[in-house]
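Now for the letters of each chain:
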Amino acid sequence: MAAQKRALDDSSSTHKTKKPKISQHPENTQPVSATTNLTADEVDFPRGGGTSFTPLEVKSIRAEAMKEAHEELFNESQVAARKGKQSRRKSEAAASSKKPSQKVEHAARIEHLNYKRMSVGMKIFGQIIAIQPLALIVSLPNQLLGHVPITNISSQLTTLLERMDVDEDEDAKESESEGKEEAESRSKVPELSDFFHNGQYVRATVTTLHVPGSTDVTGLGKSRDETIRASRRVELSLTPERVNAGVQKSDLKAGYTLSTSVKSIEDHGYLLDLGVPDISGFLAFKDVEVELPSKLQIGQLLDATISSISKNGRTCNVTVNPQAFVSSTLTEVNHVSSVLPGTLVQTLITAVHPTGINLQVLGYFDGTVDEFHLPHRMTEKSLKTGQKVKARVLYYLPSAPPKLALSLNEHVVRLTSRDVLPQGSDTHFPMQEIYPIGTLINDVKVLRVEAERGLTVRLDSGVDGFVHISHISDEHLLSLSNSGPWKPGSLHRARVLGYYSFDGLLQLSLKPSVLARKHLQVTDVHVGEIVKGVIKNLNDSGLFVSLSETVDGVVWPNHFADIRLKNPSKRFKIGATIKCRVLVVDPERNRVSLTAKKSLIESDLPRITAFEHAKIGVVALGVIFKVLPKALMIEFYNNVKAVVPIKEVSEELVENLSSLYTTGKVVKIRIITLKPEEKTIIASIRKSGAVYEPFSSDISGVEIGNIVQGLVFEIHKENAVLALQPSNIRALISINNLANHRGLSAAQLKVALKVGDKLEALVVVSRNTENNFVIVANKPKLKLSLAKSVISLDTVESGQSVGGRVVRHTAYGVLVKLSSHIGGVLYPTDVSDDFGSATSFPAMDAILKAVVISVDQDRKQLILSTRRSRMYPDQASKVVDREITQISDLHVGAKVRGFIKSITDHGLFITIGRNIDARVQIRELFDDFVKDWKPRFELHQLVQGRILSAEADTKKVEMTLRSGDLSKPVALTLSTLAPGQHVDGVVKRIEEYGLFIQINNSKLSGLCHKSQLSDNKDADFAVALRGFRENDRVKAVIVDIKDKRISLSLKPSRFAVEDTDDPQANDQPIDELDGVDVQSSRSEAGDENSSNDDESAMRVDVNTQPQLQHSYATGKSSNAPLKLSDYQWFGDTVNVDASHSYESDDSDDEAPSKKKKKRTEIEQDLTAQMHSKAPESSADFERLLLGSPNSSYLWIQYMSFQLQLSEIEKAREIGRRALDKISFREEAEKLNVWVALLNLENAYGIDETLEKVFRDAARANDSKTVHLRLASILDQSDKHKKAEEQYKRTCKKFGLSSKVWTSFAEHYIQRGEIEESRKLLPRALQSLEKRKHLKTISRFAQLEYKFGEPERGKTLFEGIVDSHPKRWDMWSIYMDMEARRSDIQSLRNLFDRVLKLKMTSHKAKSFFKKWLELERRLGDEEGAEMVKQKAIEWTQRSNNSS
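Residues numbered from 1 in each chain as written. Predicted model: local features only at pLDDT ≥ 70, side-chain atom pairs only at ≥ 80, totals over all residues. Heavy atoms only, no water.

**A few points about the pairing of strand S27 (residues 577-586)**
Within a regular strand, side chains alternate between the sheet's two faces.
Next, step 1: In terms of burial, S27 is largely enclosed, as seven of its ten residues are buried.
Next, step 2: In the sheet, strand S24 (residues 530-539) pairs with S27 via five bridges, with the strands oriented antiparallel. Along S27, the bridge assignment pairs glycine 533 with isoleucine 578.
Next, step 3: Of the pairings in the sheet, the one linking S27 to strand S28 (residues 591-595) comprises five bridges and is antiparallel in character. From the neighbouring strand, valine 585 faces S28, where its bridge partner is valine 592.
Next, step 4: Hairpin geometry of S27 and S28 is characterised by an intervening segment of four residues between the two adjacent antiparallel strands and by a positive phi of about 55 degrees at asparagine 590. (Buried < 20%, exposed > 50% of the residue type's maximum accessible area, 1.4 Å probe, protein only. Helix = DSSP H or I, 4+ residues; strand = E, 2+ residues; numbered from the N terminus. Pairing = 2+ DSSP bridges.)

**Thoughts on the environment of proline 488**
Next, step 1: Along the polypeptide, proline 488 turns up in the loop between strand S21 (464-468) and strand S22 (491-500).
Next, step 2: In sequence terms proline 488 and valine 449 are 39 residues apart; their C-alpha atoms lie 6.8 Å from each other.
Next, step 3: Residues contacting proline 488, with those up to four places away along its chain left out, are Val446, Leu447, Val449 and Asn482. (Contact = heavy atoms within 4.5 Å.)

**Points about the sheet that holds strand S34 (residues 707-715)**
Next, step 1: In spatial order, the strands read S34-S35-S36-S38-S37; together these five strands close into a barrel with mixed pairing. Taking each pair of neighbouring strands and ignoring which way they run, the sheet shows an average axis angle of 55 degrees.
Next, step 2: Summarising the sheet, strand S36 (residues 730-734) and strand S38 (residues 773-778) pair through three bridges and their orientation is parallel. The residue of S38 that forms the bridge with alanine 731 is valine 774.
Next, step 3: Contacting S34, strand S35 (719-725), S36, strand S37 (758-768) and S38, helix H16 (residues 735-742) runs over the sheet at an angle of about 60 degrees to S36. (Axes fitted to C-alpha atoms, helices over the stretch in contact; angles between N-to-C directions.)

**Brief notes about the sheet that holds strand S40 (residues 814-817)**
Next, step 1: The strand order around the closed barrel formed by five strands is S39-S40-S41-S43-S42, and the pairing between neighbours is mixed. Put simply, the sheet's adjacent strands are angled 55 degrees from each other on average, direction ignored.

**With respect to the nonpolar core**
Next, step 1: Trp1371, Met1375, Val1394, Met1399 and Phe1407 are the most contacted members of the largest nonpolar core, which has 47 residues in total.
Next, step 2: It is helix H34 (residues 1368-1380) that contributes the most residues to this core, seven residues altogether.
Next, step 3: The contacts of valine 1394, once residues within four sequence positions are left out, are Trp1368, Trp1371, Met1375, Met1399 and Phe1407. (Core = buried A, V, L, I, M, F, W, Y, C linked by side-chain atoms within 4.5 Å.)

**Points about the pattern of salt bridges**
Pairs can form between side chains of opposite charge whenever their charged atoms are close.
Next, step 1: As enumerated under the stated definition, the model contains 53 salt bridges in all.
Next, step 2: Between aspartate 1369 and arginine 1367 there is a salt bridge whose closest N-O contact spans 2.9 Å.
Next, step 3: Aspartate 1369 gets classed as partly exposed once you look at its relative accessible area, which sits at 35%.
Next, step 4: The network of salt bridges with common partners includes Glu1315, Arg1318, Glu1344, Glu1349 and Arg1352. (Salt bridge = Lys/Arg side-chain N within 4 Å of Asp/Glu carboxyl O.)

**Quick notes on the packing of helix H32 (residues 1333-1347) against H34**
A packed helix pair is summarised by two numbers, namely the angle formed by the two axes and the spacing between the axes.
Next, step 1: Remark: H32 packs on H34, axes separated minimally by 10 Å, with the N-to-C direction vectors making an angle of 5 degrees. One way to sum up the angle between H32 and H34 is to call them roughly parallel. When H32 is examined against H34, the residues Leu1334, Lys1335, Ser1338, Gln1342, Tyr1345 and Lys1346 are found in contact with a partner set consisting of Met1370, Ile1373, Tyr1374, Met1377, Glu1378 and Arg1380.
Next, step 2: In terms of residue class, the contact of H32 with H34 is made up of six nonpolar, two polar and four charged. (Parallel < 35°, antiparallel > 145°, perpendicular 65-115°, else oblique. Nonpolar A, V, L, I, M, F, W, Y, C, P; charged D, E, K, R; others polar.)

**Comments concerning helix H33 (residues 1350-1363)**
Next, step 1: The first and last C-alpha atoms of H33 sit 20 Å apart over 14 residues, in line with the 20 Å expected at 1.5 Å per residue.
Next, step 2: Listed in full, the buried residues belonging to H33 are Gly1353, Phe1357, Glu1358, Ile1360 and Val1361. Projection of H33 onto a plane perpendicular to its axis shows the buried side chains occupying an angular sector of 165 degrees, all on one side. Exposed residues lying more than 90 degrees from the buried face of H33 are Thr1355 and Asp1362.
Next, step 3: Those residues of H33 that are buried lie in contact with H32, H34 and helix H35 (1384-1395). (Expected span 1.5 Å × (residues − 1). Arc of directions from axis to C-beta.)

**A few points about the side chain of glutamate 371**
Next, step 1: Inspection of the secondary structure puts glutamate 371 in the loop between strand S14 (365-370) and strand S15 (388-397).
Next, step 2: Assessed through its relative accessible area of 12%, glutamate 371 is described here as buried.
Next, step 3: Apart from residues lying up to four places away in sequence, glutamate 371 is in contact with His112, Thr355, Gly356, Arg448 and Glu450.

**So, the packing of aromatic side chains**
Next, step 1: This model, assessed by the stated rule, comprises 22 aromatic pairs.
Next, step 2: Arranged with centres 5.8 Å apart and planes meeting at 40 degrees, the rings of phenylalanine 926 and phenylalanine 937 form a pair that is tilted. You can see phenylalanine 926 sitting in the loop between strand S46 (916-921) and strand S47 (942-951) and its partner phenylalanine 937 sitting in the loop between S46 and S47, a full eleven residues away along the chain.
Next, step 3: With a centroid separation of 5.4 Å and an interplanar angle of 45 degrees, the aromatic rings of phenylalanine 1181 and phenylalanine 1201 are classed as tilted. Taken together, the residues phenylalanine 1181 in helix H23 (residues 1178-1187) and phenylalanine 1201 in helix H24 (residues 1192-1204) connect sequence positions 20 residues apart.
Next, step 4: Taking relative accessible area as the criterion, phenylalanine 1181 reaches 1% and is therefore assigned buried.
Next, step 5: On the basis of relative accessibility, which here comes to 9%, the residue phenylalanine 1201 falls in the buried class.
Next, step 6: One aromatic cluster is present, built from ring pairs that chain together Phe125, Tyr201 and Phe502.
Next, step 7: When the ring centre of phenylalanine 372 is taken as reference, the NZ or CZ atom of arginine 448 above it lies at 5.7 Å. (Phe/Tyr/Trp six-rings, centres within 6.5 Å; stacked < 30°, edge-to-face > 60°. Lys NZ or Arg CZ within 6 Å of the ring centre and 35° of its normal.)

**Some remarks on the side chain of serine 501**
Next, step 1: For serine 501, the location among the structural elements is in the loop between S22 and strand S23 (505-509).
Next, step 2: Each residue touching serine 501, except ones within four places of it in the same chain, is listed here: Gln127, Ile129, Ser139, His411 and Gln432.

**Structural notes on the pairing of strand S6 (residues 257-265)**
Next, step 1: Most of S6 sits inside the fold, with eight of its nine residues counted as buried.
Next, step 2: In this sheet, strand S9 (residues 301-309) lies alongside S6 in antiparallel orientation, the contact comprising five bridges. Looking at the pairing, leucine 258 lines up with alanine 304 of S9.
Next, step 3: As paired elements, S6 and strand S7 (residues 269-273) share four bridges and run antiparallel to each other. In the strand pairing of S7, valine 262 is matched with leucine 272.
Next, step 4: Joining the antiparallel neighbours S6 and S7 is a turn of three residues.

**Observations concerning unusual backbone geometry**
Next, step 1: The residue after glutamine 725, namely proline 726, is reached through a cis peptide bond having omega 0 degrees.
Next, step 2: By the secondary structure assignment, proline 726 is in the loop between S35 and S36.
Next, step 3: One non-glycine residue with positive phi stands out, namely asparagine 639, at about 65 degrees.
Next, step 4: Inspection of the secondary structure assignment puts asparagine 639 in the loop between strand S30 (631-635) and strand S31 (641-645).

**Examining the environment of alanine 620**
Next, step 1: Positionally, alanine 620 belongs in strand S29 (residues 619-627).
Next, step 2: Each C-alpha atom, one on alanine 620 and one on serine 603, is 9.0 Å from the other, the two residues being 17 residues apart in sequence.
Next, step 3: Once residues lying within four places of it in the same chain are set aside, the contact partners of alanine 620 are Leu605, Pro606, Ile608, Val667, Lys668 and Ile669.

**What to know about the confidence of the model for the chain**
Next, step 1: Across the chain, the average pLDDT comes to 78, with 80% of residues at 70 or higher.
Next, step 2: This stretch, residues 76-105, has a pLDDT under 50; its non-local contacts, to residues over four places away or in other chains, come to 17 contacts.
Next, step 3: Every residue in residues 175-187 is under pLDDT 50, and counting partners more than four places away or in other chains gives twelve contacts. (pLDDT = per-residue confidence, 0-100.)

**Some remarks on the environment of alanine 1341**
Next, step 1: Residue position: alanine 1341 is located in helix H32.
Next, step 2: Once the C-alpha coordinates of alanine 1341 and tyrosine 1374 are considered, the two residues, 33 residues apart in sequence, prove to be 8.9 Å apart.
Next, step 3: Non-local contacts of alanine 1341, meaning those with residues more than four positions away in its chain, are made with Gly1353, Leu1356 and Phe1357.

**Observations concerning the packing of helix H28 (residues 1263-1276) against helix H29 (residues 1280-1293)**
Next, step 1: The N-to-C vectors of H28 and H29 enclose an angle of 165 degrees; their axes lie 8 Å apart at closest approach. One finds that H28 runs roughly antiparallel with respect to H29. Crossing angle aside, the handedness with which H28 passes H29 is left-handed. Note on element contacts: H29 touches H28 through His1280, Lys1282, Ala1283, Gln1286, Tyr1287, Thr1290 and Lys1293, opposite Ser1263, His1267, Leu1268, Leu1270, Ala1271, Ser1272, Leu1274 and Asp1275. (Left-handed = near helix turned anticlockwise from the far one by under 90°.)

**Re H34**
Next, step 1: The end-to-end C-alpha distance of H34 is 19 Å, a good match for the 18 Å that 13 residues give at a rise of 1.5 Å each.
Next, step 2: Buried within H34 are the following residues: Trp1368, Met1370, Trp1371, Tyr1374, Met1375, Met1377, Glu1378 and Ala1379.
Next, step 3: Close packing links the buried residues of H34 with H32, H33, H35 and helix H36 (1401-1418).

Okay, here's the thing in structure tokens:
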């Protein structure tokens, strides 16, 4: 029959053993039991050399022998102590052989591992839960933690780290002699994350145990993470030399698993360091490529499984197949040190206890499994005594006998992470995903109570958790009991603090303070939320704030406040509470960045915390973190950044961004563009305040050819941006296209086109799907149907309508093709009745309809016109620019407009009519001297001027563009002069034979012979000549013009009486005189033949070079005065010139006296009129300003004069000149000019120019005054919205001014927005100082009386007088307001109340006087008598009391 299996502890057998043949030495040898001690002398050889034992019995005997040898090895130190007890031990051994069942009493005790039971050299199995730059954090059994410094990974990695400190020169020399692979390995030290991953199981050895609270020498650094701090106590090593210590070469058999490290890289594979003497490992490249995704590096750790041993025994081949490593089971070993932690072994259950089970490992080692490492799905019948199970070794304690700790947990056996199957799901998830840190769990059930450790609990999902005794209650607990509030079976509310990954447990807390804590870890803090914390520390690097016991935050210096703080310590006190907003949450670095900027904390604008949250059109606040030359870098929350280009910073041109913006400044922006590929945000500051609707990114609804309409959004140099309606799609339209459609030039269109204008009948011509916009153009006008009848020069008639196409532009107009043989010409002056409303030259290929004016048979072309007055003569149309067909239509002084035809070196030629051009000389272009004048004009430009002269015979027209009036005489030429004509002139040269006289307003000179000086033939002409001096002004008569010679005469007889006595007898009207002062000269008779003698000198002096026209004469001549009385700027001015009368007498004696008398009389008249003439030209103003440069009145009138002439730019220049000329002491005068400039920009400028002038004015004057003036200007010009914005802007900047608030309230209440006005009062009182409250309330009450509800104003005043009864001024204002209502009874009540108060007699007198006046005005006589009686009574009462 088959042999029976023998119990391991039973000495009985069917075969009796022989006694050992050894000598007994009681002194030196310990007696052993026959059942356990197998020696080499015990021989039981059956015949034939075989054995009668079964193979199982042989294996058991061998295991028992090894166990005995191990016991003897560990008991050598106890031999001497047990010499006297040999007999007793023998009897006990015999007894034990008879009672094998009593061995259960000596079963291994099931204990938990703790820090006290750990020792240096202990081998243990763990799981990586965190990878730090310089260390690994490892989860150990029984809720313990440890760490592995980077120097304890492998000896090869440590060598690489040590070589990093070697000098570069030495390193270079050594690398020449080293191998190629070694040199490459030294070039780069890998990161720990390249070698390991979270959740990886490792075999380790304890190298150091630190005392709690000792100085950190682990390289982990300071951390508030409890896991990292707890791991500092145990230092581990993963080096194969330490982990595999004790493994013999003979233990390395196929299927044996161990940790190895890459030692070197060979030609066909990797040479591995096994940590076992006299043998190395080899891993082929082909095995690595199959099992591992990346190339291995020197020093990297590998979990290897032995596949074969070489014949020479020096090398073993290994595999890194994870499945082979997990499933490999150890069946036999030579020594307990060969059983490495993490090894999967076959075990036999020997006992089952409430706290765990006992096992027999490999047939002869004791092992235990505590309750934390039992199978999760275990039932009462799943584990029974005698059952064989596979378990993984966790650690073993070097005790006698050795005891192993094992795990039956499914995730440990499979070397995976603990997973959970949620209810209603078929998929397992990691425990960390189902129960993240901070999760609150209701009704956790207590399973076990450990008096000094804590509680083991179970969740509804079957997951177990552990609650340490320190996390059960806020009160300190020394121990726990099974009968307390946390007894087994009780239910509690818990919160997840962490994980014991290796044990597969949740780390829980039952403490109420932890349950109520808002921020348990960094990930609980949400970006953008407002938090409160306690200031822990303040230094140069930042402000450190404690948000909770486990979470800290930092406020960087640029986020201390909206402005840069010079002394942050004065604002932030350690221990004080601070309110912040979360700026950045960095879980990897366990850091929370905060901001203490008030603008960010109190803002209700959206907070951008991720690129995905950014939407076009969103307005948000950002902080400038970098200022570039062409852009601003903005940072939002959670490190989201944006770029603001320089063109989007301001409406005005910004040249230097760093002068306007600094790092740390909070700005409001609007997102205008998103680039998802680059994750770039483009933002705008200038568009953040305006009403802005983002463009639609979906342009699929618009197809090419669609007819659309849109609103002008922006106007650029070459195109305009439109917002199509109602789709709000962005569109572009060419400025030239729009100008041609409207018949305007591009410059004129830009002036006329405004943001918000609606454009209709637009055609989509292109679509850009990448940038989401379309290109549109004006819908082409319908082509005019030309007359079917053939046009010929013989049949066409004047006034006939024709149609044609523009084919060419010429200098004088455009050519229009009417038929194949007939064309027409359209002059620019015939295009429109208003030159400013249409382009002078229609676009090429444009189809137009015109009317025939005349026919040019020679050129075979028609003269056309598109004037509305020509095309539709029956309809009334406004003609701004009349037709000029011939020079006779012009008269001197007429205002005309025309188009520049050519620009020459001497001036301009302007087309003012059909074939009529006018010349403008350089001196007539500007009022002032302009050196470089050509760039200011361009061809076909529309200009306006006045006619100086028009000669029909010569077809010459002179024109001026100067701003002054045309009261001066027209320039004279030879053709305009005739004998007998009176002219004015200036004596240029005096000769013996006569005077050379320069004729005014011309380049002509004439000779007045001495014989033409006097009617007295006997007069002494030499004396008469001496009576003249150069530059004397004279009046002369042209005697003759011959061969370009002009003969003049000064004889009095040639002047009519009207010319000398009556100024109105002149051909020119009074208002066209230039105030010429003519001096009379005494004539004496001379020789009649003298004229013949000097005939050769009487040639006309015609100057070809222009001469300077003097506006004054030296000597005794005088200028015409300026009149300022009855001055009306925009009205008609009256020019009154001085009258001149001349008298001559033949008497030599009386002539000098009369002349002197007349000159004195003229000078007196001129002086009297100096302040009675209004300025009529720029020169007049310049003369006045020379005398009064500090008069803002004159400067402003000068500006207004220029505005009359549409010279806006000149008006601006004059205003700037005024600011430079007016003395710095005249602040009020300067302020007047600034206000005038603000009015000018408000009326004629744009928002950008108005804002620029406003800023300059605010810097140069009292800023508050300028702010209020601008608001008032906007209000008066009916720009109420802008005025409201300006008032808000002013209140924000000058919130401490009562005047600002009351002005804002008056603005609202005058517009009828009474409720808005009333809302300002509480805001004002909150901002103003207390001493200004009464004045402000009083002002608001007055506004209610004037524009709102008087009863409400009365209520406000009642509140004032009740709280401040002695404020007599408030009583007086209250009474004045009531007087406006004419309610005499209410006034009487007020006076009665105030006079009952104690006051001085002087004050009482003023109140009685006021009362009496009101009674007489609003009341009756009885009331007046009553006031007198009360005054008497008050006086008597006052005297009696005193």
